[in-house]
Structure formats: structure tokens, C-alpha cells
Amino acid sequence: MFELIYIGLCLLVGFLGIGRWGGFLLYAFLAVVLTPPGALLVMILTYRRKKPAKLAKA
């Protein structure tokens, strides 16, 4: 039962990684290797904010 919960959490982390650099496979793999909280920490630490677009002056 524990194994199913662990794999489910790893898949959840992978799905959260969709749209980021590396995507699903990288974050799912990191979750398996580092544990899901460790992969989430990596995801948070590597987050890059988009710079706000400058408004054109008329």
C-alpha cells in the first residue's frame, strides 16, 4: 500500500512539472530518486519568474 502512495506522489510531482524546464519525466524521476518533497523543493528553488512586460508609451 505504501508503494502505491509513493508512486502516486511521484506522478503528482511529475504532473506539476509539466510546462517547466525538464518537464514531466525529469521531475517524476527526481521524485523517485529524492523523494517527492525533495523534488518539490528542487522545483521551487529552480522557479524563474517571468519579467513583467513593459507597457508601450503612446
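Residues numbered from 1 in each chain as written. Predicted model: local features only at pLDDT ≥ 70, side-chain atom pairs only at ≥ 80, totals over all residues. Heavy atoms only, no water.

Draft legend 1. Broad picture of the overall build of the protein. Within the protein one finds three helices and zero strands. Taken over the C-alpha trace, the protein has a radius of gyration of 16 Å; the compact-globule value for 58 residues is 10 Å, which it surpasses by more than 25%. Overall size of the protein, expressed as C-alpha extent along the three principal axes, is 60 × 15 × 15 Å. The 58 residues of the protein split such that 22% are buried. Sequence-distant contacts, at least 24 apart, represent 34% of the contacts inside the protein between residues at least 6 apart. (Helix = DSSP H or I, 4+ residues; strand = E, 2+ residues; numbered from the N terminus. Rg over C-alpha atoms; globule rule 2.2 N^0.38 Å. Buried < 20%, exposed > 50% of the residue type's maximum accessible area, 1.4 Å probe, protein only. Contact = heavy atoms within 4.5 Å.)

Draft legend 2. Examining the layout of surface pockets more closely. Taken as a whole, the largest pocket spans an internal volume of roughly 280 Å³. In terms of lining residues, the largest pocket is bounded by G19, R20, W21, Y27, T46, Y47, R48 and K50. Broken down by class, the residue content of the lining of the largest pocket amounts to three nonpolar, two polar and three charged. (1 Å grid on protein atoms, 1.4 Å probe; cavity = no way out; pocket = protein on both sides within 12 Å on 5 of 7 lines; lining within 4 Å. Points joined across faces, edges and corners; volume = space filled by probe spheres on them. Nonpolar A, V, L, I, M, F, W, Y, C, P; charged D, E, K, R; others polar.)

Draft legend 3. Focus on a nonpolar patch on the surface. A cluster of nonpolar side chains, contributed by M1, L4, I5, L9, L12, L16 and L40, occupies part of the molecular surface with about 710 Å² of accessible area. The greatest single-element share of the nonpolar patch, amounting to five residues, is contributed by helix α1 (residues 2–16). On the secondary structure map, M1 appears in the segment before α1. (Patch = residues over 30% accessible without salt bridge, like charges linked within 9 Å, V, L, I, M, F, W, Y side chains within 5 Å. Areas by Shrake-Rupley, 256 points an atom, 1.4 Å probe, with all protein chains shown as cover. Salt bridge = Lys/Arg side-chain N within 4 Å of Asp/Glu carboxyl O.)

Draft legend 4. Summary view of the packing of aromatic side chains. By the definition in use, this model includes two aromatic pairs. Taking the centre distance of 6.3 Å and the plane angle of 35 degrees together, the rings of F2 and Y6 count as tilted. Here the residue F2 and the residue Y6 both occupy positions in helix α1, the gap between them amounting to four residues, near one helical turn. Judged by relative accessible area, F2 falls into the exposed class, the value being 61%. Ring plane angle 50 degrees and centroid distance 5.1 Å describe the contact between F15 and F24, whose orientation is recorded as tilted. (Phe/Tyr/Trp six-rings, centres within 6.5 Å; stacked < 30°, edge-to-face > 60°.)

Draft legend 5. Molecular detail of helix α3 (residues 36–45). What α3 keeps buried is the set P36, G38, A39 and M43. Taken around the axis of α3, the buried residues stretch over an arc of 160 degrees, which confines them to a single face. When the buried face of α3 is taken as reference, the exposed residues oriented beyond 90 degrees from it are P37, I44 and L45. Elements that come into contact with the buried residues of α3 comprise α1 and α2 (23–34). (Arc of directions from axis to C-beta.)

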